[in-house]
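So the chains spell out like this:
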Amino acid sequence: MRHRRFFYTVVLAFWAVQALQAAPIRYELSIGESEPKSFHVRITLETGGSTALRLAIPAWTPGYYQILNYHQDIHAFRAFDDRGEPLPVSKPGPHDWQIVAKSARTVVAEYDVRPRESGPGFFYTALGEKSGYVNGPAAFMYADGRKNEPVSLTLRLPASWKCATSLDPGISPLEFTAPNYDDFADCPLQLGHFDLARFRVDGIPISIAVTGAETYPRRDLLDTFSKIVRAGRDSIGGLPFARYLFILHFSGSDRSGGGGLEHGSSTVLNVSGSALKDIRSIAPLAAHEFFHAWNVKRIRSKGLGPFDYSQEADTGSLWFLEGVTDYYAYRLLYRAGLIDRGRYLDNLAGEIRGLLNNEARKAVSLEESGRRAWQGGSWGYGGLSYYNKGKLAGLLFDLKIRDITDGRKSLDDVMRLLMKLYGSAPEGFEADGILKAMNRVAGADLSREYEQWVRGTEELPFAKLLKAAGIDMVVRNQPVPFFGVSSEPDPATDLPRVLSVVGGSEAEKAGLQEGDLIASAGGSPMAGKSLASAVQGKEAGEPLRLIIRRSGEESEIRAFMGGQDRFTVELKPMPDPTRQQAARRRGWLQGEGKRAPENLLDKAKGANSGAYRHVAVGLAQPLPRRASAERPAPIGSAEWGIGGIPFHRIKAVATMGRIPQNPPTT
């Protein structure tokens, strides 16, 4: 009898655990009635016998490596038991709410989320008369220790509103599900009035939710994005999702710059209204964010999923996850026929030029620039951008692997191997995971190159490896004035704020420090001005008098203008390559590509000077009418009033403005 009673107890306990696991944590999102308007969130969850529950709002959002203080937007938090009786609530920390559940089997928590963004939305939440946007980590709390439990979401929206999201559809049009909190939070919500353009690739529905534009070049948009999706599929081999959503926000201001945030099956792209004049100008940004569906969302390092939302994560691999993604962004455009060989090489030449003209390359390693991104604005650290140098490291590793294997293997094979090893794994790769994958593909040890290019500050051997691929690199230089400071406008004072100071520069010798505000230069107030304007026209050796603010106090700094060599770079196909060089070049470039119309390609000449991190590109011929008129099954259609489409990382927009590819150093 003792054994039988024990057996029954175990069975009943098993059923209880299964029942608890089967019951999802239920979220409801509605628009509150108070003024100003806010989102109202209601969370219902079983206690499982626990007498205390802790709910927490994330401190950051995956894809943007900055602490964002979402807790400041949470208001009117309260909790109830299953009879509607209030439960005691305390706050053990800024991001946490502790609920004393007593004997309740079910707990309901409610709170308001005040929208922080006045524009279309990006990292936080936004709410207007006709639209709303929710970035999951900014609005939805998680139950501590229970992020692996299934989740359901019910939306309660105005009658005319619809929704586009990557969450799995539920029983009714406004209900969704997710297997866990990470997937749930990774699916932003585009709400309200928007247009939906759709196409299919290999039977997989791809949708584009467009806001901020009453009319737009629909055919050009479908043509450009479908080519990007197909090029990504061909590069890695198959699409890693069941559906995909591009959320495309057009801003009314041409000065606002733009950027993107990736998600596992979607991305949000914020672009200026001027892009409506040439929809192809957003192709590099779209290609970058789309490639993240593989690199960072599925190929990722430990610490970048499953996530610890309470603190900074280890991001030493961002050179690969972001920089190599940028390398592939332009490869997708070239392979898709959206840019020609000349524009592709010009872009790489511009990146090399940017690195050679950045003194920070001599002091900060790629690995450090990623690991300290939390202190550097989510683009790099100490003046070194992991987008810029990481992209070029990707180029060199690609060429090196092709050289070692006589063209039989490439970085594409490394990406495919990483997808095979980690694409569906619960945890990401270890610190040496990328190196191990490259060694396995190359059949050789690349540890020396990895130490020098990623962990060191040695100069990168561009000319040697490009020559092996039949490309000549021509470098010219001339001395120019140089002070050694990168800066950005301070939102509170509109004064230039020092982002970084180049080691050994005149700025460092004068005592300037990161965070200093430049109140005046040469006796002229600096409000609304850039530091570059203050030093423009000065020659090396000229004195420079600055008034700075540091820790609330003003002081005078007397400095001198310095100088440095300024490089220009040109990449040209060798006119008479050897047979091996010609074969290597064909393999690397994968043919000549489809040449785009010259009048459109001319728009891409200023490859590194646009408002976006990525630049304008040309357009290949539009898809035939038959292909562009495909009508897949409705996902997020107005008839359904909702979208079962994925959405996902804005990719680092500095102070919601432009994203520095390499921060300008004066």
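Note that residues are indexed from 1 along each chain, following the sequence as it is written. Owing to the predicted nature of the model, reporting of local features is limited to residues with pLDDT of at least 70; listing and counting of side-chain atom pairs is limited to 80 or more, with chain, interface and lining totals taken over all residues. Side-chain figures throughout are based on the complete set of non-hydrogen atoms in the structure, without hydrogens or water.

**Focus on the overall build of the chain**
Rules: Labels follow the DSSP assignment, with helices taken as runs of H or I lasting at least four residues and strands as runs of E lasting at least two, numbered in each case from the N terminus. With residues, only the protein chains shown are counted as cover, and all accessible areas are computed by Shrake-Rupley using a 1.4 Å probe.
Across its full length, the chain carries 19 helices and 32 strands. Accessible surface, the chain: about 27600 Å² in total, of which carbon and sulfur atoms supply 50%.

**A look at the sheet that holds strand β6 (residues 96–100)**
For clarity, the threshold we go by: By the convention used here, strands pair only if DSSP detects at least 2 bridges between them.
Taken together, four strands build an open sheet; the order of strands is β5-β6-β3-β10 and the sheet is antiparallel. Looking at strand neighbours, the two that pair on one side only are β5 (89–93) and β10 (142–143), the edges of this open sheet. Where β5 and β6 come together, three bridges link them in antiparallel fashion. When the sheet's bridge partners are listed, valine 89 is paired in β6 with isoleucine 99.

**Re the packing of aromatic side chains**
Note the threshold: What counts as a ring pair is set by centres within 6.5 Å for rings of Phe, Tyr and Trp (its six-membered ring), and what kind of pair is set by the plane angle: stacked under 30 degrees, edge-to-face over 60, tilted for all other angles. To sit over a ring, a charge needs its Lys NZ or Arg CZ within 6 Å of the ring centre and within 35 degrees of the ring normal.
Under the counting rule described, the total for this entry stands at 36 aromatic pairs. Judged by centre distance (4.7 Å) and plane angle (40°), the rings of tyrosine 27 and phenylalanine 184 are tilted. Of this pair, tyrosine 27 sits in strand β1 (residues 25–31) while phenylalanine 184 sits in helix α3 (residues 181–185); the two residues are 157 residues apart in sequence, bridging distant segments of the chain. Between phenylalanine 397 and tyrosine 450, the aromatic rings sit 6.3 Å apart at their centres with planes inclined by 40°, giving tilted as the arrangement. With phenylalanine 397 in helix α10 (residues 386–404) and tyrosine 450 in helix α13 (residues 447–453), this pair connects stretches of sequence that are 53 residues apart. Of the aromatic side chains, those joined through ring pairs into one cluster are Tyr27, Trp60, Tyr65, Phe140, Tyr142, Tyr181, Phe184, Phe307, Tyr309 and Trp374. The ring of tryptophan 97 has lysine 91 lying over it, and the distance from NZ or CZ to the ring centre is 3.8 Å.

**As for the nonpolar core**
Among soluble globular proteins, nonpolar side chains are generally buried collectively. The condition that has to hold: As used here, the term nonpolar core means buried Ala, Val, Leu, Ile, Met, Phe, Trp, Tyr and Cys residues forming a set that is joined through side-chain atoms within 4.5 Å. Three exposure classes are used, based on accessible area relative to the maximum for each residue type with a 1.4 Å probe and protein chains only: buried under 20%, partly exposed in between, and exposed over 50%.
Ranked by size, the top nonpolar core spans 173 residues in total, and within it Phe140 and Trp588 carry the most contacts. If one sorts the elements of this core by residue count, helix α6 (residues 318–335) sits on top with twelve residues. If you look at the next biggest cluster of nonpolar residues, it comprises 21 residues, including Ala519, Ala521, Leu544 and Ala559.

**Quick word on helix α12 (residues 433–442)**
Owing to its 3.6 residues per turn, the α-helix aligns residues three or four sequence positions apart on the same side. Test applied: Residue contacts are counted whenever heavy atoms from the two residues lie within 4.5 Å of one another.
Across the ten residues that make up α12, a large majority, eight, are buried. For α12, every residue scored as buried is listed here: Gly433, Ile434, Leu435, Ala437, Met438, Asn439, Val441 and Ala442. Here the buried face of α12 lies against α6, α10, α11 (411–422) and α13. Immediately beyond the C-terminal end of α12, within one or two residues, lies glycine 443, with a positive phi of roughly 70°.

**Examining the pattern of salt bridges**
Close approach of charged atoms allows side chains with opposite charge to pair. Just so we agree on the cut-off: We define a salt bridge as a contact between a side-chain nitrogen of Lys or Arg and a carboxyl oxygen of Asp or Glu at a distance within 4 Å.
In this structure the tally under the stated criterion is 44 salt bridges. Aspartate 144 is the partner of arginine 54 in a salt bridge, and the nearest nitrogen-oxygen pair spans 3.0 Å. Placement of arginine 54 in strand β3 (residues 52–56) and of aspartate 144 in the loop between β10 and β11 (151–156) is noted, with a sequence separation of 90 residues between them. You can call arginine 54 partly exposed: its relative accessible area is 23%. Through salt bridges with shared partners, one network takes in Asp314, Glu367, Arg371, Glu451 and Arg455.

**Quick look at the sheet that holds β11**
In spatial order, the strands read β4-β7-β2-β1-β11-β14-β13; together these seven strands make up an open sheet with mixed pairing. For this open sheet the edge positions go to β4 (74–81) and β13 (168–169), each flanked by a neighbour on one side alone. With six bridges joining them, β4 and strand β7 (residues 106–113) adopt antiparallel strand pairing. For histidine 75, the partnering residue across the bridge sits in β7 and is aspartate 112.

**Things to note about the side chain of threonine 154**
Following the sequence through the fold, threonine 154 ends up in strand β11. When near neighbours in sequence (up to four residues on either side) are disregarded, threonine 154 contacts Tyr27, Glu28, Leu29, Leu174 and Glu175.

**Some points on the packing of helix α5 (residues 283–291) against α6**
Going by this rule: All axes here are fitted lines through C-alpha atoms, helices being fitted over the stretch that makes contact, and every angle between N-to-C directions spans 0 to 180 degrees. Angles are sorted into four bins: roughly parallel if under 35 degrees, roughly antiparallel if over 145, roughly perpendicular if 65 to 115, and oblique for all others. By the definition used in this description, the sense in which the near helix is turned from the far one sets the handedness, with an anticlockwise turn below a right angle giving left-handed and a clockwise turn giving right-handed. We call Asp, Glu, Lys and Arg charged. Ala, Val, Leu, Ile, Met, Phe, Trp, Tyr, Cys and Pro are nonpolar, and the rest, Gly among them, are polar.
At a minimum axis distance of 8 Å, the contact between α5 and α6 shows a crossing angle of 125°. Between α5 and α6, the interaxial angle falls into the category oblique. The hand of the α5/α6 crossing is right-handed. Contacts between α5 and α6 involve Ala283, Pro284, Ala287, His288 and Phe291 from the first element and Glu322, Thr325, Asp326, Tyr328, Ala329, Tyr330, Leu332 and Leu333 from the second. Residues of the contact of α5 with α6, tallied by class, amount to nine nonpolar, two polar and two charged.

**Topic: the confidence of the model for the chain**
The cut-off we apply is this: Within a predicted model, pLDDT stands for the predictor's per-residue confidence, ranging from 0 to 100.
Per-residue confidence for the chain gives a mean pLDDT of 84; residues scoring 70 or more make up 84%. Note that residues 1–20 has pLDDT below 50 and, in this model, three contacts with residues that lie over four places away or in other chains. Below pLDDT 50 for its whole length, residues 591–666 participates in 276 contacts with residues either more than four positions away or in separate chains.

**A look at unusual backbone geometry**
Residue proline 306 is reached from glycine 305 by a cis peptide bond, and omega for that bond is -10°. Mapping proline 306 onto the fold places it in the loop between α5 and α6. At asparagine 69, a position not held by glycine, the phi torsion is positive, near 55°. Within the secondary structure, asparagine 69 is located in the loop between β3 and β4. Residue asparagine 69 is classed as partly exposed on the basis of its relative accessible area of 28%. Its identity is not glycine, yet serine 378 carries a phi of approximately 65°, on the positive side. By the element assignment, serine 378 lies in the loop between α9 (373–376) and β21 (380–381).

**Points about the packing of α10 against α12**
Interaxial distance between α10 and α12 falls to 9 Å at its minimum, and their mutual angle equals 30°. By the angle between their directions, the pair α10 and α12 is classed as roughly parallel. Together, Phe397, Ile401 and Ile404 of α10 and Met438, Val441 and Ala442 of α12 make up the contact between the two elements. Tallied by class, the residues present in the contact of α10 with α12 amount to six nonpolar, no polar and no charged.

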